[in-house]
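Letter by letter, the chains look like this.
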Amino acid sequence: MARTSVDFQTIWQPQPRQQALIACPVFEVFFGGARGGGKTEASLGDWAEHAAAYGEAATGVFFRRKLTQ
């Protein structure tokens, strides 16, 4: 499948710790820390990279403990 050239506006830039998680070649990574450390955003950024690489073949699921999260 050929990709077309599209101009995208950057709406999110990972912080250094988040970039380390996204760049990590290990499938399962423990990424902890206090509330507000960017763990969810890093996970979503990692998913965005995965989805961009695999297109329609990309699969994944996110779980949270509570519905309100």
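See the structure printed just above.
Residues numbered from 1 in each chain as written. Predicted model: local features only at pLDDT ≥ 70, side-chain atom pairs only at ≥ 80, totals over all residues. Heavy atoms only, no water.

### A look at the overall build of the protein chain
The secondary structure content of the protein chain amounts to two helices and zero strands. The proportion of buried residues among the 69 residues of the protein chain is 10%. Put simply, 26% of the contacts in the protein chain that link residues at least 6 apart link residues at least 24 apart. Summing over all exposed atoms, the protein chain offers an accessible surface of approximately 6,700 Å²; the carbon and sulfur share of this is 56%. (Helix = DSSP H or I, 4+ residues; strand = E, 2+ residues; numbered from the N terminus. Buried < 20%, exposed > 50% of the residue type's maximum accessible area, 1.4 Å probe, protein only. Contact = heavy atoms within 4.5 Å. Areas by Shrake-Rupley, 256 points an atom, 1.4 Å probe, with all protein chains shown as cover.)

### A closer look at the side chain of glutamine 18
Take glutamine 18: it is sitting in helix H1 (residues 16-23). For glutamine 18, a relative accessible area of 1% puts it in the buried group. Sequence-distant contacts of glutamine 18, defined by excluding residues within four places in its chain, comprise Trp12, Gln13, Gly38, Glu41 and Ala42.

### Section: helix H2 (residues 39-54)
In this model H2 runs 23 Å from its N-terminal to its C-terminal C-alpha over 16 residues, within 8% of the 22 Å that 1.5 Å per residue would give. Once H2 ends, the next one or two residues include glycine 55, with phi positive near 55°. (Expected span 1.5 Å × (residues − 1).)

### Side note on H1
Every buried residue of H1 is accounted for by Gln18, Leu21 and Ile22. Angular distribution of buried residues about the axis of H1 spans 100°; they occupy a single face of the element. When the buried face of H1 is taken as reference, the exposed residues oriented beyond 90 degrees from it are Pro16, Arg17 and Ala23. (Arc of directions from axis to C-beta.)

### A closer look at the packing of H1 against H2
Helix-helix packing is described using two parameters, namely the angle between the two axes and the distance between the axes. H2 packs onto H1 with a crossing angle of 40° between their chain directions and a minimal axis gap of 9 Å. Between H1 and H2, the angle falls in the class oblique. Every pair of crossing elements has a handedness; the one defined by H1 and H2 is right-handed. Along the contact surface, H1 presents Gln18, Leu21 and Ile22, while H2 presents Glu41, Ala42, Ser43, Gly45, Asp46 and Glu49. Partitioned by chemical class, the residues of the contact of H1 with H2 number three nonpolar, three polar and three charged. (Axes fitted to C-alpha atoms, helices over the stretch in contact; angles between N-to-C directions. Parallel < 35°, antiparallel > 145°, perpendicular 65-115°, else oblique. Left-handed = near helix turned anticlockwise from the far one by under 90°. Nonpolar A, V, L, I, M, F, W, Y, C, P; charged D, E, K, R; others polar.)

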